[in-house]
Amino acid sequence: MAQQIHYGSSGVFTSMILIINSGSSSIKMAVIDMPSESLLAEGMAERLGEPGTSLSWHVAGDTERLSLPGADHHVAMEQMLASLFGRIDKTNILAVGHRVVHGAERFIAPTPLNDAVIAEIEALSHLAPLHNPANVLGIRAAREHLPGIAHVAVFDTAFHHAMPRRASLYAVPYHWYIEYGVRRYGFHGTSHHYVAREAASLLGREFADCRLLTAHLGNGCSAAAIADGVSVDTTMGMTPLEGLVMGTRSGDVDPGLHDFIARASGKSLAEITDVLNRQSGLLGLSGRSNDMRTLLEAAEAGDEMAALAVDIFCYRLAKSLAGLAVALGRVDAIVFTGGIGEHASEIRAKTVQQLTMFGVALDTERNELHGRQSNGFITMSGATLPVLVIATNEEAMIARYVYGVICPEE
Ligand SMILES: Nc1ncnc2c1ncn2[C@@H]1O[C@H](COP(=O)(O)OP(=O)(O)O)[C@@H](O)[C@H]1O
Ligand SMILES: CC(=O)OP(=O)(O)O
Ligand SMILES: [Mg+2]
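Residues numbered from 1 in each chain as written. Chains lettered and ligands numbered in written order. Predicted model: local features only at pLDDT ≥ 70, side-chain atom pairs only at ≥ 80, totals over all residues.

The protein is annotated in an unreviewed UniProt entry as Acetate kinase from Mariprofundus ferrooxydans PV-1. Per UniProt, the protein carries the Subunit (unreviewed entry) text "Homodimer." We quote the UniProt Function (unreviewed entry) comment for the protein here in full: "Catalyzes the formation of acetyl phosphate from acetate and ATP. Can also catalyze the reverse reaction." (UniProt positions renumbered as here; feature names shortened; annotations may be inferred.)

**Q** Kindly report on the site of ligand 1, identifying the contributing residues and their values.
**A** Taken together, 15 residues lie around ligand 1, and Gly218, Asn219, Gly339, His343 and Ala344 are the ones closest in. The set of elements that each furnish at least two residues to the shell around ligand 1 consists of α11 (292-300) and α13 (338-343). Class assignment for the residues of the shell around ligand 1 results in 4 nonpolar, 9 polar and 2 charged. (Near = placed C-beta within 6 Å. Helix = DSSP H or I, 4+ residues; strand = E, 2+ residues; numbered from the N terminus. Nonpolar A, V, L, I, M, F, W, Y, C, P; charged D, E, K, R; others polar.)

**Q** Give a detailed account of the pairing of strand β3 (residues 38-46), specifying residues and quantitative values.
**A** Bridge count for strand β2 (residues 27-33) against β3 is 7 bridges, and the pairing is antiparallel. Within the sheet, the bridge partner assigned to Asp33 lies in β3 and is Ser38. Connecting β2 to the antiparallel partner β3 that follows it, the hairpin turn spans 4 residues, and Glu37 within it adopts a positive phi of roughly 65 degrees. (Pairing = 2+ DSSP bridges.)

**Q** Could you give an account of the confidence of the model for the protein, naming the residues involved and the relevant values?
**A** Mean pLDDT for the protein: 93, with 96% of residues reaching 70 or above. Across residues 1-11, confidence stays below pLDDT 50; counting only partners more than four residues off in sequence or on other chains, it has 19 contacts. Scored as a complex, the prediction yields pTM 0.94 and ipTM 0.98. (pLDDT = per-residue confidence, 0-100. Contact = placed C-beta atoms within 7 Å.)

**Q** Before we move on, can you summarise the packing of α11 against helix α12 (residues 304-328) with the specific residues and values?
**A** Their axes nearest at 7 Å, the elements α11 and α12 cross at an angle of 125 degrees. It follows that α11 is oblique to α12 by the angle criterion. Here the hand of the crossing between α11 and α12 comes out left-handed. Where α11 abuts α12, its residues Leu295, Leu296, Ala298 and Ala299 lie against Ala306, Ala307, Ala309 and Val310. In the contact of α11 with α12, the residues fall into 8 nonpolar, no polar and no charged. (Axes fitted to C-alpha atoms, helices over the stretch in contact; angles between N-to-C directions. Parallel < 35°, antiparallel > 145°, perpendicular 65-115°, else oblique. Left-handed = near helix turned anticlockwise from the far one by under 90°.)

**Q** Give me the lowdown on unusual backbone geometry, citing residues and values where you can.
**A** Going from Met34 to Pro35, the amide bond is cis rather than trans, its omega being 5 degrees. On the secondary structure map, Pro35 appears in the loop between β2 and β3. Here the phi dihedral of Ala60 falls at roughly 45 degrees; this positive angle occurs in a residue that is not glycine. Position of Ala60 among the secondary structure elements: in the loop between β4 (54-59) and β5 (62-67). What makes Ala60 partly exposed here is the crowd of 13 C-beta atoms within 10 Å. Of note, the phi angle at Ala104 is positive, near 50 degrees, even though the residue is not glycine. Looking at the element boundaries, Ala104 is found in the loop between β6 (93-100) and β7 (111-112). (Buried ≥ 20, exposed ≤ 12 C-beta atoms within 10 Å, placed from the backbone.)

**Q** Summarise the site of ligand 2; cite the residues concerned and give the values.
**A** Around ligand 2 sit Gly23, Ser24, Val101, His131, Asp156, Phe187, His188, Gly218, Asn219, Gly220 and Pro240, and that is every residue in its neighbourhood. When the residues that make up the shell around ligand 2 are grouped by side-chain class, the tally is 3 nonpolar, 7 polar and 1 charged. Each of domain 1 (7-155) and domain 2 (206-394) accounts for three or more of the residues forming the shell around ligand 2. (Domains from an automatic or database assignment.)

**Q** Hey, could you go over helix α2 (residues 73-85) for me, with residue numbers and the actual values?
**A** Helix length check: α2 (13 residues) gives 18 Å between terminal C-alpha atoms against 18 Å at 1.5 Å per residue, within 8%. Residues of α2 that are buried: His73, Ala76, Met77, Met80, Leu81, Ser83 and Leu84. Projected onto a plane normal to the axis of α2, the buried residues spread over an arc of 160 degrees and lie on a single side. Where the residues of α2 are buried, they touch β1 (16-22), β2, β3, β4, β5 and α4 (132-145). (Expected span 1.5 Å × (residues − 1). Arc of directions from axis to C-beta.)

**Q** I'd like a description of the sheet that holds strand β14 (residues 387-389), backed by residues and values.
**A** The strand order across the open sheet formed by 6 strands is β11-β10-β9-β12-β14-β13, and the pairing between neighbours is mixed. Among the strands making up the open sheet, the edge pair consists of β11 (230-234) and β13 (376-377). Pairing of strand β9 (residues 211-217) with strand β12 (residues 333-337) involves 5 bridges; the strand directions are parallel. The residue of β12 that forms the bridge with Thr214 is Val335. Running over the sheet, α12 touches β9, β10 (221-227), β11 and β12 and is turned about 20 degrees from β10.

**Q** So what's going on with the domain arrangement of the protein? Which residues, and what values?
**A** Interface size, as often reported, equals the accessible area lost upon joining of the parts. Under the domain assignment, the protein is made up of domain 1 (7-155) and domain 2 (206-394). Summarising the inter-unit geometry, the C-alpha centres of domain 1 and domain 2 are found 27 Å apart.

**Q** Provide a residue-level description of the sheet that holds β4, including the pertinent values.
**A** If you walk across this open sheet you meet the 8 strands as β5-β4-β3-β2-β1-β6-β8-β7, and the pairing is mixed. Both outer strands of the open sheet, β5 and β7, are each paired with one neighbouring strand and no more. Direction of pairing for β3 relative to β4: antiparallel, over a ladder of 6 bridges. Residue Ala41 lies in a different strand from β4, and its bridge partner there is Val59. Relative to β2, α2 is tilted by about 25 degrees, and along the sheet it contacts β1, β2, β3, β4 and β5.

As structure tokens, this is what we get:
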């Protein structure tokens, strides 16, 4: 067991912020010192509710790995916090930042949490069934362990909140928007915002003057069009089910599909939505896995359905990026991020090859080179349309927001 860290008393780290990203099948945590943004600890619990559940923490150069077979969110959360507090003096934690996926129109800025706000986030669960319930579980556990300090929610939807109505409204009766809030909200906003700012800096331009297409490709996938510092359109909609092909989510389907399958199979609407959320996408097509690494290996080894799933993933991504270009008029760069976007050079190549009408061509060597440790261009110097790989850092971005809430004068 590593020595406990007591940074507060040494005066070195004074503003530790704990970030919790409690997701559908994983929990990620980070402890970040602000305003330096130094990463002090990083932890993750993966494959929750499945046989291979595991937990890992990296704290001050020391690594801990634990196997927690079948642990659910609750068990994993408790274990992660216990492991962290065995290594970091929790009285030095100044505030906790929570990633919350759906904030609808109610939450468009980082929001300090109290019982009423938590109840409102919980009430939005039907709009993000894989995410908001897990977010709330994380919030409750953390508040129990760390009472008396600020807990702040940072919403995936917030960065997209000012999308123009031509992008945010569906062509359905307008009163559905007024009565039920039926509109496109968009997600992964913290990530799109973070990588877009980094891209502007690599391009040597002001963020506010850039027009960018960003592709966040993780378990959930979305692309966004960012103009003059704000999101002007994105592929996810009212829920995180719309848009691109994802690990287990279908992305766009014909709106007539629910009725058709309900009649054909006798499934209820809720059951069909569940299949579209949990058994579709890469997993549904390949019949093998939702994990891009596994599929690329299987495709390489001759699995035709894995290859088809990869093919559909890239085609749909390219088609969406081309569509989003309409929102920008001029495209200054395309940015890949998220686990797949950062690491899968093959996916980047297969996607960009289908965007030749924009005059974009990859530099094969650079495309192979860039990954999590090396942000940068994967097109030749002077390319008409630069393409970049940028490692996202939702945790750092959330820490900035939380710090802005608790220390507004800085
Ligand atoms: N080296 C790699 N090659 C291809 N895909 C990868 C690689 N590393 C991670 N991935 C993929 O990234 C996805 C997970 O992305 P991540 O951003 O970590 O997800 P989450 O949405 O849970 O944060 C998985 O499909 C995984 O297979
Ligand atoms: C909104 C969303 O899809 O999030 P994630 O990629 O973490 O599942
Ligand atoms: Mg993610």
